[in-house]
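Analysis of the macromolecular model
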Amino acid sequence: MIMADAALGLLSIFCGCQANVFLLELIITGSPHSYYALTCAQYVCVACFTMPLLLRFKEPHERVGAASGIWPLRWRRSRVSLRHKLVLAVVGWAMSVGNNIVFGFDISIPLHATFRSSSLMLNMLAGYFFFGKRFTTPQVASALIICLGLITLTLEGARRKDGTGVDAAPCTAAAASTPMWQWGCGVAILLATTACTAALSVFQEHVYRCARANEAAMAAAPATEDAPPMWVEALCFSHLCAIPLFFLQPMRLYGEFAQIEAGSRLHVALNCVTQVVCIAGVYFMNDKTSAFTLTLTLTLRKLASFALSVVYFGHYRELSAVQWVAMVGALMAGTAYPFLPKVHHRASDTVSVSTATGARTKKDD
């Protein structure tokens, strides 16, 4: 059963996320100013697909009385606190919007993928300071290589963007028309969203620990059949509660939806569906497998996205030798990281929470 769960999660991530990135680049090629509307559509789609998993039909005794109403469904028992759901929704919304709008600042998919891979170093620092995790020398070296590669890639991109390099290769028309300050703003937004990604993963681990601890501390065992999987609840409400935030800019939302070209509408619909498959696979793997497996899967998926974008969309024409070395080195270090030796914690140092229903113990890598 565990192998089947892992296979399902791997299939969702590699197929869903890979198709999602491919469709995203097709969309920004045909409708380059639809990032905000696209993110909103993705959130609505994820909420609609996951909400039925949080509902159930009322039992006969629950339909008695005027207060029950005529609605035949009711929410299943919540396992995550409302406060945690709202924090996940707001931070996740800001991160998702930022990740998509940076493409309007002439940020390419390869640079985007490399920045996202740099969250490994931030996660390492967060784990060291907040969870007492320790890392081996090869692990630290791998994280440093990723950071150095990212810095080199960014500085080289800025030099070529500014046109000061004697070996600067000709850029595309869109890149040439983008001011240096605008590209710098895109890099700053991308850096902020990368930090948010690391912070959100740390907070999500805290949320799951608190929820399991609360269930374990309950005097009476809750009804397990009435409780949805924790990853489904976190996924649904982190998107459902964030949908109203998109209407903070209603005119922009309406304008971007209206500007989507007819040829891109099918791509937008498919992108939303693949986003559901992708994000569900990530949440599912986070709940069903170890952090080692999830880190390995996501890193390899990013490497595959990078290769597809560079080859299929022709980004290799815009990369210098320094950028190639920096980008490939960073991605290779990220790929090798899960295989590096780890610090083996004593059994007494392992934090475990057992629920009344005999939930399994999750070990930190």
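Residues numbered from 1 in each chain as written. Predicted model: local features only at pLDDT ≥ 70, side-chain atom pairs only at ≥ 80, totals over all residues. Heavy atoms only, no water.

**Here's the deal with the overall build of the chain**
For the chain, the helix and strand inventory stands at 13 helices and two strands. The burial tally for the chain puts 45% of its 365 residues in the buried class. For the chain, restricting intrachain contacts to residue pairs at least 6 apart in sequence, the fraction spanning at least 24 positions comes to 82%. Of the roughly 18300 Å² that the chain leaves accessible, carbon and sulfur atoms contribute 69%. (Helix = DSSP H or I, 4+ residues; strand = E, 2+ residues; numbered from the N terminus. Buried < 20%, exposed > 50% of the residue type's maximum accessible area, 1.4 Å probe, protein only. Contact = heavy atoms within 4.5 Å. Areas by Shrake-Rupley, 256 points an atom, 1.4 Å probe, with all protein chains shown as cover.)

**Quick look at the confidence of the model for the chain**
Of the residues in the chain, 73% have a pLDDT of 70 or more, and the chain-wide mean is 75. Mean pLDDT per element in the chain: helix 7 (residues 173–176) is the minimum at 49, and helix 2 (residues 35–50) is the maximum at 93. Within the model, the stretch residues 164–175 combines pLDDT values under 50 with 12 contacts to residues more than four positions away or in other chains. Here residues 346–365 is a poorly scored stretch, pLDDT under 50, and it has 27 contacts once near neighbours within four places are set aside; other chains count. (pLDDT = per-residue confidence, 0-100.)

**With respect to the UniProt feature "transmembrane region" (unreviewed entry) in the chain**
UniProt tags residues 35–55, 86–105, 111–131, 143–160, 180–203, 292–315 and 321–340 as "transmembrane region" (unreviewed entry). Secondary structure content for residues 180–203 is 100% helix and 0% strand, while the C-alpha to C-alpha distance between its ends is 35 Å. For residues 321–340, helix accounts for 80% and strand for 0%, while the C-alpha atoms at its two ends are 28 Å apart. (UniProt positions renumbered as here; feature names shortened; annotations may be inferred.)

**Examining the packing of helix 2 against helix 11 (residues 262–288)**
In contact at an axis separation of 9 Å, helix 2 and helix 11 are set at 55 degrees when each is read in the N-to-C sense. One element, helix 2, and the other, helix 11, form an angle in the oblique class. Relative to helix 11, the crossing made by helix 2 is right-handed. On the side of helix 2, the interface is formed by L38, A41, Q42, C45, V46 and F49, while helix 11 contributes V268, N271, C272, V273, Q275, V276 and I279. (Axes fitted to C-alpha atoms, helices over the stretch in contact; angles between N-to-C directions. Parallel < 35°, antiparallel > 145°, perpendicular 65-115°, else oblique. Left-handed = near helix turned anticlockwise from the far one by under 90°.)

**Considering the packing of aromatic side chains**
Scanning all chains against the criterion turns up five aromatic pairs. Ring geometry for Y43 against F246: centres 5.3 Å apart, planes inclined by 65 degrees, an arrangement best described as edge-to-face. Placement of Y43 in helix 2 and of F246 in the loop between helix 9 (230–240) and helix 10 (250–259) is noted, with a sequence separation of 203 residues between them. Residue Y43 is classed as buried on the basis of its relative accessible area, which comes to 4%. Residue F246 is classed as buried on the basis of its relative accessible area, which comes to 0%. The interplanar angle of 85 degrees and the centroid separation of 5.5 Å between the aromatic rings of W231 and F284 together place this pair among those described as edge-to-face. Note that W231 is positioned in helix 9 and F284 in helix 11, a separation of 53 residues in sequence. According to the relative accessible area criterion, W231 is buried, its value standing at 12%. A network of ring pairs unites the aromatic residues Y36, Y43, W93 and F246 as a single cluster. (Phe/Tyr/Trp six-rings, centres within 6.5 Å; stacked < 30°, edge-to-face > 60°.)

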